[in-house]
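Residues per chain, in single letters:
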Amino acid sequence: MRFVVIGAGMAGVLSGIRLRQAGYEDWTIYEKGDSVGGTWRENTYPGLSCDVPSHIYSYAFEPNPDWSHRFAPGAEIRAYFEGVARKYGVLPQIRFKEEVERLEFRGGRWQIAFKSGRRDEADVVIAATGVLHHPMIPDIEGLESFAGACFPRARWDHSAAVDGKRVGVIGTGSTAIQITSALVPRVRKFSLFQRTPQWIAPQENAAFTEAEKAGFRGDRAGFRKMADELTRNFHETFSNGVVDAKSEQMKNLEAICRANLESSVADPVLREKLRPNYRAACKRLIMSGDFYPAIQQPNAELVTDAIERIEPRGVRTKDGRLHELDVLVLATGFRVDQFLRPMRVLGRDGVDLEDVWKHRPDAYLSISIPNFPNLFMLNGPNGPVGNFSLITIADMQLHYVLQLVEELRAGRGREISASESAMARFSEEFDRAARNTIWATGCKSWYLDSRGVPAVWPFTYQRFTEEMAKPDLAAYDLRG
Ligand code: NAP
């Protein structure tokens, strides 16, 4: 069987490793960029780190005792993925600078066409294309007229000087908060344009000492135990709490965030500007130990007046004030409903994914789409993107996908995809559960789909592990 994996980020590299371990040698990973790392290659903004502890944001089979910090910086994470890809011999099977333009299921196989003109064929396609990938460019009047450097956070322009300059950032998501902490000490004037305040949980990010790293290296079992405890703790205090808005975990989290705001922000006027009017973790929770100190520095300003327009010299707010800037960063998030798109994907009998997903993207257990046989998504629509480590998710999903592929290898059929009835049942149960989650408690966030229903796995971690342990083949249409 021949496999094509799309994307050489965290999940694509993992796919290569797991395919080889399962005994498959005929596979190619296609990557439109020029190196591995996905989001960790694309994002290079100042202050970038991962707010999931690095010891659990690692492949389970490749623990890293050398993380510099509890929450490692982005460049270190990218280097880790590249190192793993090299160590496991994945690099020679990646074709870089090859962007898939079209996937068509024809004659029982996937026909793959690339922007470069290349063509390929595969029995199975694994899409590891990521979620937070296509920057959302805000529709603000005059954006193109800005005379200084202006770019989205995922396309940081390192040729634009920021030291000693006047820098503005639009947005208050996890990204803007990290950029604020990193840039305030470097710039002359920092303006943070806030449309909605965020709850912020405190987070210390100590560097590991050499002695600690040596300890991790010397005691593999103890190291594993620590990572397992971190994982268990994360699931008990967070993952299983967010899916029940009434849970004790969510009440505790809210108390922690409120106490953080009260104790960290001295000026009562600024404190009220920073106080959200919705529940903690309704939007993607932000963790930071240095944002509140940074925004209180004399060279930092939290701008809460709405943006009227962008002018050549800066940002004009509705109160008539012009905030003069040299650099403007758009930390305005991503178009999260794209997944495989803008690829054109044609399934069985020419069914077009664009039509199937015209209202919103959907997939059975976030992996398989009816009538798109032998096409599997990692971190696809409606997955646990907001509640567990994406690496664990992708690995469990691969374990599941490889069991579906085993049906093909064993000759029990040639085409497998979720049945329409299983998809409909899953969607109905999903929607019902989604309404009980913290994400549905009345805020606006990227978790909500076009109907305003949270599009994130609304069940417990336990349920996810059970679902991924063994596919229910009755939910699949296996033919040929
Ligand atoms: P985001 O959370 O979607 O935040 C976008 C921000 O831009 C919001 O504050 C939004 O305001 C604002 N915004 C959007 N359009 C605007 C407009 N026209 N005018 C003014 N403000 C506007 O985006 P993000 O910060 O890039 O983060 C996306 C996700 O990436 C995170 O939620 C997280 O999952 C991931 N991430 C993870 C880490 C990590 O450490 N693991 C770090 C960074 C990002 P409203 O709130 O009013 O809509």
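Residues numbered from 1 in each chain as written. Predicted model: local features only at pLDDT ≥ 70, side-chain atom pairs only at ≥ 80, totals over all residues. Heavy atoms only, no water.

Asks: So what's going on with helix H13 (residues 461–469)? Which residues, and what values?
Replies: Every buried residue belonging to H13 is among Tyr-461, Arg-463, Phe-464 and Met-468, and all of these are buried. For H13, the angular spread of buried residues about the axis comes to 160°, placing them on one side. On its buried side, H13 packs onto helix H6 (220–242), helix H11 (390–409) and helix H12 (420–434). (Buried < 20%, exposed > 50% of the residue type's maximum accessible area, 1.4 Å probe, protein only. Helix = DSSP H or I, 4+ residues; strand = E, 2+ residues; numbered from the N terminus. Arc of directions from axis to C-beta. Contact = heavy atoms within 4.5 Å.)

Asks: Before we move on, could you go through the packing of helix H1 (residues 10–21) against H11 and cite the residues and values that matter?
Replies: Closest axis-to-axis distance for the H1/H11 pair is 10 Å, and the angle between their directions is 40°. When the interaxial angle is binned, H1 and H11 end up oblique. Judged by the twist between their axes, the crossing of H1 over H11 is right-handed. Counted together, Met-10, Ala-11, Leu-14, Ser-15, Arg-18 and Leu-19 of H1 and Leu-390, Ile-391, Ala-394, Asp-395, Leu-398 and Leu-402 of H11 form the full contact between these two elements. (Axes fitted to C-alpha atoms, helices over the stretch in contact; angles between N-to-C directions. Parallel < 35°, antiparallel > 145°, perpendicular 65-115°, else oblique. Left-handed = near helix turned anticlockwise from the far one by under 90°.)

Asks: Describe the sheet that holds strand E18 (residues 327–330), and please don't skip the residues or the numbers.
Replies: Spatial strand order, E9-E18-E10-E11-E14: five strands in an open sheet with parallel pairing. Two strands lie at the open edges of the sheet, namely strand E9 (149–152) and strand E14 (300–303), each paired on one side alone. Strand-to-strand twist across the sheet, computed as the mean angle between neighbouring axes with direction ignored, equals 15°. For strand E10 (residues 166–170) and strand E11 (residues 189–193), the ladder comprises five bridges, and the chain directions are parallel. Directly across from Arg-166, in E11, lies its bridge partner Lys-189. With respect to the sheet, helix H4 (residues 174–183) is in contact with E10, E11 and E18, its orientation differing from that of E11 by roughly 165°. (Pairing = 2+ DSSP bridges.)

Asks: Which residues make up the side chain of Asn-260, and what values go with them?
Replies: Note that Asn-260 resides in helix H7 (residues 248–264). For Asn-260, the residues in contact, after removing those within four places along its chain, are Ile-200, Ala-201, Pro-202 and Tyr-292.

Asks: Hey, could you go over the domain arrangement of the protein for me, with residue numbers and the actual values?
Replies: Taken as a whole, the protein is organised into domain 1 (3–134 + 335–479) and domain 2 (143–204 + 245–330). Each of domain 1 and domain 2 has a C-alpha centre, and the two are 31 Å apart. Sorting the residues of domain 1 by area buried against domain 2 places Tyr-45, Asp-51 and Ile-438 first, and these three jointly supply 32% of that buried surface. Across the contact surface, domain 1 and domain 2 share two salt bridges. Residue Asp-51 pairs with Arg-284 through a salt bridge whose shortest N-O separation is 2.6 Å. Joining domain 1 to domain 2, the criterion identifies nine residue pairs in polar contact (both at pLDDT 80 or more). (Domains from an automatic or database assignment. Buried area = accessible area lost by both parts, 1.4 Å probe. Salt bridge = Lys/Arg side-chain N within 4 Å of Asp/Glu carboxyl O. Polar contact = N/O pair within 3.5 Å; in protein donor to acceptor, adjacent residues only side chain to side chain.)

Asks: Before we move on, can you summarise the environment of Arg-188 with the specific residues and values?
Replies: With respect to the helices and strands, Arg-188 occurs in the loop between H4 and E11. Measuring from C-alpha to C-alpha, the distance between Arg-188 and Pro-298 comes to 9.9 Å, with 110 residues separating the pair along the chain. Those residues in contact with Arg-188, other than ones at most four positions away along the chain, are Gly-164, Lys-165, Arg-166, Asn-299 and Asp-326.

Asks: An account of the packing of aromatic side chains is needed here, citing residue identities and associated values.
Replies: Under the counting rule described, the total for this entry stands at 29 aromatic pairs. Here the aromatic rings of Phe-216 and Phe-223 are separated by 5.2 Å at their centres, their planes lie at 35°, and the arrangement is tilted. With respect to class, Phe-216 is no different from Phe-223; both count as buried. Between Trp-457 and Phe-459 the ring centres are 4.9 Å apart and the planes differ by 80°, which places this aromatic pair in the edge-to-face class. (Phe/Tyr/Trp six-rings, centres within 6.5 Å; stacked < 30°, edge-to-face > 60°.)

Asks: Can you break down unusual backbone geometry residue by residue, with the values?
Replies: The peptide bond linking Arg-341 to Pro-342 adopts the cis configuration, its omega dihedral lying at 15°. Within the fold, Pro-342 resides in the loop between strand E19 (334–335) and strand E20 (344–346). Phi angles above zero are rare outside glycine, and Phe-339 is one such case at about 50°. Note that Phe-339 resides in the loop between E19 and E20. Residue Phe-339 is classed as buried on the basis of its relative accessible area of 11%.

Asks: Account for helix H3 (residues 74–87), naming residues and giving values.
Replies: The end-to-end C-alpha separation of H3 is 20 Å, in line with the 20 Å expected for 14 residues at 1.5 Å each. For H3, the set of buried residues is Gly-74, Ile-77, Tyr-80, Phe-81, Val-84 and Ala-85. Down the axis of H3, the buried set is contained in an arc of 130°. They therefore lie on one face. Within H3, the exposed residues directed more than 90 degrees away from the buried face are Ala-75 and Lys-87. Against H1, helix H2 (39–42) and H11 lie the buried residues of H3. A positive backbone phi angle near 65° is found at Gly-89, which sits one or two residues after H3. (Expected span 1.5 Å × (residues − 1).)

Asks: Tell me about the nonpolar core, and name the residues and values.
Replies: Tyr-59, Phe-81, Leu-274 and Tyr-364 are the most contacted members of the largest nonpolar core, which totals 120 residues. By residue number, the principal contributor to this core is H11, which donates eleven residues. Looking at which domains feed residues into this core, each of domain 1 (3–134 + 335–479) and domain 2 (143–204 + 245–330) supplies at least three. Once residues lying within four places of it in the same chain are set aside, the contact partners of Tyr-59 are Met-10, Val-13, Leu-14, Tyr-80, Phe-81, Val-84 and Ile-391. Residues Ile-112, Val-131, Phe-339 and Met-343 belong to the second largest nonpolar core, which totals 24 residues. (Core = buried A, V, L, I, M, F, W, Y, C linked by side-chain atoms within 4.5 Å.)

Asks: I'd love a proper account of the site of the ligand, names of residues and values included.
Replies: Near the ligand lie 24 residues; those nearest to it are Thr-172, Arg-195, Thr-196, Lys-283 and Trp-446. Measuring from an oxygen atom of the ligand, one finds a side-chain N or O atom of Lys-444 at 3.3 Å. In this structure, Trp-446 approaches the ligand through a side-chain N or O atom, which is 2.8 Å from an oxygen atom. In the complex, 86% of the free accessible area of the ligand, which totals 920 Å², lies under the protein chains. Sorting elements by how many residues they give to the shell around the ligand places H4 first, with three residues. (Near = heavy atom within 4 Å. Areas by Shrake-Rupley, 256 points an atom, 1.4 Å probe, with all protein chains shown as cover.)

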